[in-house]
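Architecture at a glance
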Amino acid sequence: MDITFFSLGSGSCGNCYYLSTGTDAIIIDCGVGIRRFKKHLSEYGMKLGYIKALLITHDHSDHIKAAGKISKEYHLPVYATPLVHQGMDNSWQNSVKVPQELKRTIAFGETFEIGPFSVTPFPVPHDASENTGYSIEVGGETFTIMTDVGEATDTVKRYIALSSHLVFESNYDDTMLQQGRYPAVLKTRIASGHGHLSNAKAAQALADNMSDRLRHVWLCHLSEENNLPEIALETTATALKQREKAGEEEVKVDVLRRTIPTGPFRL
């Protein structure tokens, strides 16, 4: 099984991720424009016809912008919790709604199947209607995605430990945020337990909770204003090297670019 991961964009300008076995694929979030979505998939040889479903993490516009359009045009089922479906329906930024007959309701901790993908949703803290992480078993690998992570809860830590491949938020550098131009109320919201995860907290959560299975980490949803890819990468690499000195194998770390594709990567 040729398992491939591909990011079409990761950040406040739009998030969208493609996971494929070579014959079946799922999309996680679709916050990029539909023309950009089609263009990037075509340019990188990712097949629209392979896509079986769309998984939604939460109802903020940078994660759902084109979800309704893609669902309707390609007759794709959309999986989300009831609160996230409701939030998508009520979002004025989501102009085309997911057709009722294509809505699939999920519950935290209840595993469901999409072709070869075995998917377990779990809660992730963030200030949306609700926020979902996904642990996806496919071809003997455990691919987990957690974006917009307010804090590393016990649940978040548990799914880090289960992962062989992990997409994990590393949103901001503490110094850049505090010295930046954002108003105090926004800085407080970002750094809160329902905002975003800093480089330092993300790196520590990874180092403290990863298992011997973990082979590849992709840092996602970096802030344009309050982070730099090299800072996020260095912070995480330093924390993981300390773990590796204790006898662990090296874990590959990449940063997903904000507005252009990253990958594809073979798992």
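Residues numbered from 1 in each chain as written. Predicted model: local features only at pLDDT ≥ 70, side-chain atom pairs only at ≥ 80, totals over all residues. Heavy atoms only, no water.

**Observations concerning the packing of helix 5 (residues 154-162) against helix 8 (residues 199-209)**
How two helices pack is summed up by the angle between their axes together with the distance between the axes. Their axes nearest at 9 Å, the elements helix 5 and helix 8 cross at an angle of 60°. Of the possible angle classes, the one that applies to helix 5 and helix 8 is oblique. In terms of crossing hand, the pair formed by helix 5 and helix 8 is right-handed. Here Lys157, Ile160 and Ala161 of helix 5 lie close against helix 8, whose contacting residues are Ala205, Leu206 and Asn209. (Axes fitted to C-alpha atoms, helices over the stretch in contact; angles between N-to-C directions. Helix = DSSP H or I, 4+ residues; strand = E, 2+ residues; numbered from the N terminus. Parallel < 35°, antiparallel > 145°, perpendicular 65-115°, else oblique. Left-handed = near helix turned anticlockwise from the far one by under 90°. Contact = heavy atoms within 4.5 Å.)

**Quick notes on the sheet that holds strand 13 (residues 252-255)**
Whenever strands of a sheet pair, they do so through backbone hydrogen bonds, lying parallel or antiparallel. Spatially, 7-8-9-10-11-12-13 is the arrangement adopted by the seven strands of the open sheet, whose pairing is mixed. Lying at the two open borders of the sheet, with one neighbouring strand each, are strand 7 (112-114) and strand 13. With direction set aside, neighbouring strand axes in the sheet form an average angle of 20°. Inspection of the sheet shows strand 11 (residues 165-169) paired to strand 12 (residues 216-220) by five bridges, in the parallel sense. Bridge pairing in strand 12 places histidine 165 opposite histidine 216. Its contacts with the sheet place helix 5 against strand 8 (117-123), strand 9 (132-138), strand 10 (141-146) and strand 11, and it is angled at close to 150° to strand 10. (Pairing = 2+ DSSP bridges.)

**Observations concerning the packing of aromatic side chains**
We describe a pair of aromatic rings using the distance from one ring centre to the other and the angle between the two ring planes. Enumeration according to the criterion identifies nine aromatic pairs in this entry. Three or more aromatic residues joined by ring pairs form one cluster here, namely Phe5, Tyr17, Phe143, Trp218 and Phe265. (Phe/Tyr/Trp six-rings, centres within 6.5 Å; stacked < 30°, edge-to-face > 60°.)

**Looking at helix 3 (residues 67-74)**
Among all positions in helix 3, only Ala67, Gly68, Ile70 and Ser71 are buried. Where helix 3 is buried, its residues meet strand 3 (25-30), helix 1 (34-43), strand 4 (51-55), helix 2 (61-64), strand 5 (78-80) and helix 4 (82-90). Remark: histidine 75 follows helix 3 within two positions and exhibits a positive phi of approximately 55°. (Buried < 20%, exposed > 50% of the residue type's maximum accessible area, 1.4 Å probe, protein only.)

**Describing the side chain of serine 163**
Of note, serine 163 is situated in the loop between helix 5 and strand 11. Accessibility expressed as a relative area gives 0% for serine 163, which makes it buried. Within the structure, serine 163 has its side chain in polar contact with the backbone oxygen of tyrosine 159 (distance 2.6 Å). With residues near it in sequence (within four places) discarded, serine 163 still touches Thr142, Thr144, Ser211, Arg213 and Leu214. (Polar contact = N/O pair within 3.5 Å; in protein donor to acceptor, adjacent residues only side chain to side chain.)

Any link to function would need more than the numbers given here.
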